[in-house]
Amino acid sequence: MLLACGSATAQASRNVLVLYSNGRLVPGNVDVEAGLRASIVSTIDRPVHINSEFLDRPEFVGAAYEQVMLAYLREKYVEHPPQLVVAVGRDALDFLLRQRSQLFPGVPVVHAAVIAAMPPRLGPLPDDVVGVPIDYDIQGTVLQALRWHPTATHLLVVTGSTKRDREWESMLRERTAPLRDRVQIEFAAGVPTDQLERRLGSLDRDWLVLTGGFYQSGNSLWSTPRDAAAFIAQASAVPVYGPISTFIGTGVVGGRVPRFQNAGDQAGEIVNRLLDGEPPASLKLPAVMANTLMVDWRQANRWGIADEDIPLDAVVQFKRPSFWETYRTAGLLGGAAILLETGLIALLLFEHHRRLNAETALAQRGTELAHASRLAVAGELTASIAHEINQPLAAILSNAEAADLLLKSGRGSPEMLDAILADIRRDDIRASEVISRLRTLLAREVGKREPFELNAAIADGCELLAAEVRRRDMRLAVRPCADPVQVVGDAVQLQQVLINLVMNAMDAIGDRPENRRSIRVATVEQTEHVEIRVSDRGEGVTPENLARLFDSFFSTKSRGMGLGLSISRSIVEAHGGRIWAVSTLGVGTTFHIQLPKYVQANGSPMQHTGPEASHPGEPHAGHAAGDPARA
Ligand code: ADP
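The following paragraphs examine the structure supplied in this document. Being a predicted model, the structure only gives us computed values, none of them experimental.

1. Looking at the layout of surface pockets
Within this model, the largest pocket holds a volume of roughly 1,100 Å³. What lines the largest pocket is a set of 37 residues, among which N504, D507, S555, K557 and G560 lie closest to the centre. Residue assignment for the lining of the largest pocket shows that the elements contributing at least two residues are α12 (328-409), α15 (491-509), α17 (564-574) and β21 (588-596). Its residues assigned to classes, the lining of the largest pocket comprises 17 nonpolar, 13 polar and 7 charged. Together, 37 residues line the second largest pocket, and S21, N22, D91, R164 and Y215 are the ones closest to its centre. Elements that contribute at least two residues to the lining of the second largest pocket include exactly α2 (27-39), α4 (90-103), α6 (163-176) and α8 (225-235). A total of 5 residues in the lining of the second largest pocket trace back to one element, the largest contributor, which is α6. Its residues assigned to classes, the lining of the second largest pocket comprises 17 nonpolar, 11 polar and 9 charged.

See the structure below:
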């Protein structure tokens, strides 16, 4: 039962046996294995088991050893026969070609990292033995070295003394022969280690060294060619090159090399295709694996090879990261933070600019609105102003007619005529003053900011209203404070506020009996402020309406716009002041405008955040609107 289970599993999974020519730890094998394991696809549906075996060449050789290996592999894999064998390196491939029919008959073989061109040359292979051979680019390696060291005239090629080393030597001789025109070539083949060390150490700057490493030189043994390469590089006074990828890191500068990991990758891909059922003969494979220029950056640097002279397609290892590369992330983050910050600052500046524009536009709208409101007020005052102007004009006319009569009758004395002309002049001045006030009120000016005397400005504003007050049969009492008082701002705008308040007061007392048809405008000087109070003896404002008095478009009048008080509040606040109303139903309403006084002595206007206490003489003590401290 157990056996049945085991064999069922064996049938379901695919077994791949990888046979390496050398020992487990030979660097090239480690690389090939990494490539194989990374590329062979093993899934739940198609699990692949990989087993590795090692021929351990070159230490273990000979017919007897081969028989032992044969028996071992046959016995070991009888229960788990491989569906595919991978031969890594030439020795493993040769072993399988010889023993396959006894060992794993009919099992396809994929070869990896097999050198095609090295003697003995690889002959034609059976259809089910496939792979991409590698080749060592000896010439390419030497030519690249000569490009980097153009003054070099001699090349020392170092090889070893085992059979395998001799095979390398013959390949190197064959491959370097065409370069003899360019460089003088000398071989140090199987030279005892101490001699080799001295020779390498005494080479002058005309020399370069090339090696494929070795297993033995003279009486010294190395476990791998890589270790030999490390010895050579350490001993050499000149740059050492080698066409083997695993030499990178030993002190060798580099070379044009077949990368063992790539060989493992490529073999793994072939394994996948065969396990998927592609017939081996149908695979279209490259004739040879592409080589790569590999460079140890530290050695390149040591021998004066500039970064820009290293071809872009080279694989550069052990490159010391530049400051930028080391701190790239921090730099990028820092850069991003700076960019973000710059962006935010730009955004803030942009927003600030927009806000300023918006504020300017708002101020302009405010000015325009105030102007429109003044036009409206002027419209309301038209009748009375026309009357105001008509009066002096009529007086001028009658005076002119009187003078004419006197002159024609011959009874006019010079004194009489002088008096008449003086009257004409006075009336003319009176008319032109009215017109000038009106023009000032209607002028479209941007709000000024200059000190002016408040009582004079109030008196001027009241002059404009006088005719209307008379026309409506009312009284306007102006009670300025005892001393002149300066405020800073725009006198015309404050006159506009005053006119608004007085016109509202006139509306409020319009239906009042004779004894209540009076309005009082007073200025009250306080410590740091001056207050304008506009009082009427109208019906007063209900508490609900009082709360909405300064809202835009709040009006209880049939033809009211409801903008007068809201514009007035904007103007007063723009002057650093406050406006509020106190009203008692049945008694009347007083509007308070509190403005900071301009104090010339220390040059700075003083401002308070809240209105000061009401004037003790204030007649109203009812509800308040507009001032938060009181509302
Ligand atoms: P409008 O005069 O066009 O209505 P205002 O903003 O000048 O707009 O006034 C808003 C409202 O406040 C008036 O409709 C009125 O109800 C009330 N009001 C203003 N002044 C007084 C006052 N002195 N007495 C009573 N109510 C007033």
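This is not the end of the story, as more comes after the structure.
2. Side note on the nonpolar core
Counting residues in hydrophobic clusters, the biggest one holds 75 residues, and the most contacted among them are V86, V110, Y136, V158, L200 and V209. Considering each element in turn, this core owes the most residues, 7 residues, to helix α9 (residues 260-275). Among residues more than four places away in sequence, those in contact with V86 are V16, L17, V18, L19, L36, V110, A112 and V271. By size, the runner-up hydrophobic cluster in this structure holds 52 residues, among which are C462, L465, V487 and F554.

3. A look at helix α7 (residues 193-201)
Along α7, the residues that are buried comprise T193, L196 and L200. With its buried residues spanning 60 degrees around the axis, α7 presents them on a single face. Buried residues along α7 sit against β6 (154-159), β7 (184-189), β8 (207-211), β9 (216-217), β10 (220-221) and α8.

4. What about the sheet that holds strand β2 (residues 48-54)?
On the basis of which strands lie adjacent, the open sheet formed by 5 strands has the order β2-β1-β3-β4-β5 and parallel pairing. Both outer strands of the open sheet, β2 and β5 (129-131), are each paired with one neighbouring strand and no more. Direction aside, the axes of adjacent strands within the sheet are offset by 25 degrees on average. Of the strands in this sheet, β1 (14-20), β2, β3 (84-88), β4 (109-112) and β5 touch α9, which is tilted by about 165 degrees from β4.

5. Observations concerning a nonpolar patch on the surface
A surface patch of nonpolar side chains, amounting to about 420 Å² of accessible area, comprises L340, L344, L347 and F350. Locating F350 in the fold gives a position in helix α12. Assessed through its relative accessible area of 48%, F350 is described here as partly exposed.

Basis of the calculations
Residues numbered from 1 in each chain as written. Predicted model: local features only at pLDDT ≥ 70, side-chain atom pairs only at ≥ 80, totals over all residues. Heavy atoms only, no water. 1 Å grid on protein atoms, 1.4 Å probe; cavity = no way out; pocket = protein on both sides within 12 Å on 5 of 7 lines; lining within 4 Å. Points joined across faces, edges and corners; volume = space filled by probe spheres on them. Helix = DSSP H or I, 4+ residues; strand = E, 2+ residues; numbered from the N terminus. Nonpolar A, V, L, I, M, F, W, Y, C, P; charged D, E, K, R; others polar. Core = buried A, V, L, I, M, F, W, Y, C linked by side-chain atoms within 4.5 Å. Buried < 20%, exposed > 50% of the residue type's maximum accessible area, 1.4 Å probe, protein only. Contact = heavy atoms within 4.5 Å. Arc of directions from axis to C-beta. Pairing = 2+ DSSP bridges. Axes fitted to C-alpha atoms, helices over the stretch in contact; angles between N-to-C directions. Patch = residues over 30% accessible without salt bridge, like charges linked within 9 Å, V, L, I, M, F, W, Y side chains within 5 Å. Areas by Shrake-Rupley, 256 points an atom, 1.4 Å probe, with all protein chains shown as cover. Salt bridge = Lys/Arg side-chain N within 4 Å of Asp/Glu carboxyl O.

Everything listed here is a matter of geometry and, on its own, says nothing about what the molecule does.
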